[in-house]
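Coordinates in review
If you want the building blocks of each chain, they are given just below.
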Amino acid sequence: MRFPRLAARIIAALTLLTTASHGYEVEQQMHYPSTQDGTVLRIISTADLNVFEPILLAFQDMHPSVAVDYVVVETADLMHAIYAEGASFDLAISSAMDLQTKLANDGFAQDYTSPATQALPDWARWRNQVFAFTQEPAVLVVSDDFFGTEHPPTNRDELIALLRESPERFRGRIGTYDVRRSGFGYLMATQDSRNSEAYWRLMEVMGRLEAELYCCSGEMIRDVASGNLALAYNVLGSYATSQLAITDGFRIIELSDYVNVMLRTALIPVTAENVADAQAMIDFLTMLETRPDLIAASNLPSIAQETFRANTALRPIRFGPGLLVFLDQLKRAAFLRNWEDSLLQN
Amino acid sequence: MTATKMHPTASIRQNLFYQLAGVAAILSFAFFLIVRGVAEQAAEMTQDGILSASATAIADALRSEGGAVVLDLPYSALSMLGTLNEDRVFYRIYTDQQTLTGYPDLPLPDERPRRGEPVFETHEFRGDEVRAVSVMRPVGASGAARNVIVTVAQTRLGLEATSRTITTTATGVAAGFFLAATGLSLWAASAALAPIERLTSAVARRGPYDLRPVTADTPTELVPLVDALNSFMTRLRASLSRTEDFIAEAAHRVRTPLATVRTQAEVTHRKLNKPEHRLAIREMIRAIDESSRSAGQMLDHAMVKFRTDTLASDQLDMRALIDEVCDRLGATADLKDIDIIRDLPDDPIPIHGDGILLQATLQNLLDNAIKYSPEDSRITVSVTPNDALWVSITDEGRGFGDADLTRLKTRYTRGANVGDIVGSGLGLTIADEVASAHGGRIDIKPNENGAGACVSLVLPRE
Ligand SMILES: Nc1ncnc2c1ncn2[C@@H]1O[C@H](COP(=O)(O)OP(=O)(O)OP(=O)(O)O)[C@@H](O)[C@H]1O
Ligand SMILES: [Mg+2]
């Protein structure tokens, strides 16, 4: 049973990869055949296969007649695929709340209401079109090797002070997102700029210290764990936690002044062909809370209102037209100009 | 008494109720329209207000850099639009025939906005109705300023949802108002009519001959009606008592001279020898007796009419009344060798009523029994207390034959069996009227044990 299923998956993956020709770059693709004849659910997602596979398989356990096509792309490519190309997917899952919001605002998402979606807190859904199913903080990751017994900074002011105090120690050894390349990095940076004046000071200091710029959390964590970097700012917390299970050498710090919490969301594009299964998947995702096994397997923290009550520094990013502001071309150009001015001083 | 035909028109209560309910319905509907109108206008004004605040915030952020218009879109300008609802938001910044940023397909306002005067429009955009506001702002040095149009649009789904809620609420409130007002109308109509009802029942409670003026509390509006009624009754009473007085007076005036004439006739009769002369005088005496009896009965009848008007309700003993009447007529009975058997209980029989009238009744019944019985017979006066009190007078006389028993009680009606017995046909009429006034009746039937009649006064049990 297991073997033919795996073989079928690989074959399907290979054929799809070779025949595909889109205006967007497919990073990974996998076909999960159904055990019974039935429908195909086509998902476009920004979540890596290894993160999402347990969820997909659990979904198929409950819906054995649904085959799943899972395509992994970058956040910007997901936007491009649906917004510009009208690509036909049944479900779009993305960590870029702003882009998902824009898709819904500009009329690319379908309405869906069910008891499961109604049970979500208000801040975890928008227009009954965008549904959040994880809450993932942006954290500071520090190297054990570098800090040793020294207390790492606990808020942004302390971080700025520390960097200013001993620039030579940190020069070239701090990392953060290249917001020009990473949608998540851009979202966190723009939210930071709204939240605190300290952000621009921090960027200024990091620029002076020749911060390394990264595309992805994975590489930043790898370099912090290996001791190449002393610390990395605005790392995707869920990813860091999952890495901590398999590597050590670093610590995760949720800064105490505030922590931006990104919500991973799903929406059903208007071009969806298999709406029923997409809705079933949304119900399944929004009830992730009831499946601790999957939360553990995927390291995706489910929506839980209590977390925000327990730690008031946590701030879920708010849905709404405000998220469209930093997607404005002039605004984005201006923001990136500022950002480059701060970070790329040499 | 024959009921005169009335033509009842629609009831005042109903009319009043329908009118008040109608007014309530109109007011409720007006209330509904006003509440909905005002609330929807308020909701629209709220959206318009936020939209123009948003557009103004964007316009304020416009500036000129090196001759080019630049914009640092304020976060709050769009985020404020998400505070009230989850409507879709579109914007467009337009200058020099081109779109600076935003949604290039968002329509420009039909009418160019002037400075400080935003233009509001409602139209379709991307599948939904949107409310759009446009403001104009010159940007740059005063000589080379360029006019920039900022348009911000928002769908109206939230507004529609609000409007639905308002409509539901307004409907509910209006319906509640209507129901409450209708209930109150019902109450008000009843309350307004209560005095009339009191008056009606005060008048209806009266006995058939009660012609006293109405003194119940009377609402001002009804005072003329009640006054008219009272004055009518006064006149009626006066007219009735005049008639009775007249009868009594007439009867009295007739009887006295008749008595004289009769005495003279008898004296004359004794003196006459010729049989044809004696016969003529006897017939004359008989006619006199008839007239005298009629006058006496008419007088009694008038008395009955008068006394039943305001019927006395004295505590009486029926046994004593019967005894007295039997005693009084004993002599007459003895003349015919008639034996009056009193089959009475030992104890008194308490009743309420007018003693004089009841005596007159019993006297008439016993008088009939004696009158229509042969010599040397028996008359039984018995009392049977059943569910009602039966005072029965049974004789062994000629009975009623095949006379119509119900008709005997009407005035001046005599049976075919009377022969040459003197009478006026008023006796049973008097008895019947007295019985009715006491809530009872006169029962007429043949004697069950052989020949004769059995006539009973039936009175309700106390
Ligand atoms: N006891 C009776 N036996 C036979 N007939 C009777 C008896 N009582 C009444 N009637 C009949 O009923 C008729 C009506 O009686 P009622 O007493 O009204 O009139 P009346 O006796 O003829 O006249 P009066 O007014 O002088 O009594 C009588 O004329 C008679 O025919
Ligand atoms: Mg008689």
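Parameters at a glance
- The numbers attached to residues start from 1 for each chain and follow its sequence in the written order.
- Note on labels: chains are lettered from A, ligands numbered from 1, in written order.
- Confidence filtering applies because this is a predicted model: local features only for residues at pLDDT of at least 70, side-chain atom pairs given and counted only at 80 or more, and all residues used for totals across whole chains, interfaces and linings.
- The side-chain figures draw on all heavy atoms in the structure; neither hydrogens nor water molecules are used.
- The contact criterion used is simple: two residues touch if any of their non-hydrogen atoms lie within 4.5 Å.
- When two components associate, each loses some accessible surface as probed by a 1.4 Å sphere; the sum of these losses over both components is called the buried area.
- Salt bridge, as used here, is a side-chain nitrogen of Lys or Arg placed within 4 Å of a carboxyl oxygen of Asp or Glu.
- Segments assigned H or I by DSSP are reported as helices when at least four residues long, segments assigned E as strands when at least two residues long, and all are numbered from the N terminus.
- Stacked, edge-to-face and tilted labels apply to pairs of Phe, Tyr and Trp rings (six-membered ring for Trp) whose centres lie within 6.5 Å, assigned for plane angles under 30 degrees, over 60, and everything in between, in that order.
- As a reminder, the over-ring test applies to NZ of lysine and CZ of arginine, requiring each to be within 6 Å of the ring centre and within 35 degrees of the ring normal.
- Being paired, for any two strands, means DSSP has found at least two bridges between them.
- For every element, the axis is a line fit to its C-alpha atoms; helices are fit only across the contacting stretch, and the angle between N-to-C directions ranges from 0 to 180 degrees.
- If a single non-hydrogen atom of a residue is within 4 Å of a molecule or strand, that residue counts as near it.
- Polar contact criterion, stated in full: a pair of N or O atoms within 3.5 Å, where within protein one must be able to donate a hydrogen and the other to accept it, and residues adjacent in sequence count only if both atoms are side-chain atoms.
- Surface accessibility in these figures is a Shrake-Rupley result with a 1.4 Å probe; residues are shielded only by whichever protein chains are displayed.
- Only Asp, Glu, Lys and Arg are considered charged in this grouping, and only Ala, Val, Leu, Ile, Met, Phe, Trp, Tyr, Cys and Pro are considered nonpolar; every other residue, Gly among them, is considered polar.
- With respect to orientation, any angle under 35 degrees is reported as roughly parallel, any angle over 145 as roughly antiparallel, any angle of 65 to 115 as roughly perpendicular, and every other angle as oblique.

A word on the interface of chain A and chain B
Taken together, the 22 residues of chain A in the interface contact 22 residues of chain B. Regarding the contact of chain A and chain B, the summed buried area is about 1800 Å², with carbon and sulfur atoms giving 49% of it. It is A:Arg127, A:Pro321 and A:Leu330 in chain A that bury the most area against chain B; as a group they hold 30% of the surface buried on that side. With a closest N to O distance of 2.7 Å, A:Lys331 and B:Asp72 form a salt bridge.

Some points on the side chain of A:Asp178
Relative to the elements of secondary structure, A:Asp178 occurs in the loop between strand E7 (174–177) and helix H9 (183–195). Not counting the four nearest positions on each side in its chain, A:Asp178 is found in contact with A:Leu213, A:Tyr214 and A:Trp339.

Digging into the packing of aromatic side chains
As enumerated under the stated definition, the model contains 21 aromatic pairs over all chains in all. Measuring from centroid to centroid gives 5.3 Å for A:Trp200 and A:Phe335, while their planes differ by 55°, and the two rings are tilted. In this pair, A:Trp200 is assigned in helix H10 (residues 198–208) and A:Phe335 in helix H17 (residues 329–343), connecting sequence segments 135 residues apart. By the ring-pair criterion, three or more aromatic residues cluster together here, those being A:Tyr186, A:Tyr199, A:Trp200, A:Phe326, A:Phe335 and B:Tyr75. When the ring centre of A:Tyr258 is taken as reference, the NZ or CZ atom of A:Arg156 above it lies at 3.7 Å. Its end group placed over the ring of A:Tyr186, A:Arg332 keeps NZ or CZ at 4.4 Å from the ring centre.

Describing the sheet that holds strand E11 (residues 378–385) of chain B
Backbone-to-backbone hydrogen bonds join strands into a sheet, with any given pair of strands oriented parallel or antiparallel. Residues and elements named next belong to chain B. The mixed open sheet is built from five strands, whose spatial order is E9-E11-E12-E14-E13. The outermost strands of the open sheet, each flanked by one partner alone, are strand E9 (339–343) and strand E13 (441–446). For this sheet, the mean inter-axis angle between neighbouring strands, taken without regard to orientation, is 15°. Relative to strand E14 (residues 453–460), helix H7 (residues 355–371) is tilted by about 165°, and along the sheet it contacts E9, E11, strand E12 (388–394), E13 and E14. Across the sheet, helix H8 (residues 427–437) lies against E13 and E14, angled at about 135° from E13, the strand it touches most.

Section: the site of ligand 1
Residue and element names in this part refer to chain B. What surrounds ligand 1 is a group of 22 residues, the closest being Arg293, Tyr372, Arg414, Asn417 and Ser424. Between ligand 1 and lysine 371 there is a distance of 3.1 Å, counted from an oxygen atom to a side-chain nitrogen or oxygen. Interatomic distance of 2.9 Å between a backbone N/O atom of glycine 415 and an oxygen atom of ligand 1. Protein coverage of the free-state accessible area of ligand 1, which is 590 Å², stands at 100%. Where the shell around ligand 1 is concerned, the elements lending two or more residues are helix H5 (275–309), H7 and H8. Per element, the largest residue contribution to the shell around ligand 1 is three residues, and it comes from H7. Per-class residue counts for the shell around ligand 1 are eight nonpolar, 10 polar and four charged.

Some points on the packing of H9(A) against H17(A)
To describe two helices that pack against each other, one gives the angle between their axes and the distance between the axes. All names here are of chain A. The N-to-C vectors of H9 and H17 enclose an angle of 85°; their axes lie 12 Å apart at closest approach. One way to sum up the angle between H9 and H17 is to call them roughly perpendicular. Between H9, through Tyr186, Ala189, Thr190 and Ser193, and H17, the contact on the second element is made entirely by Arg332, Phe335 and Leu336.

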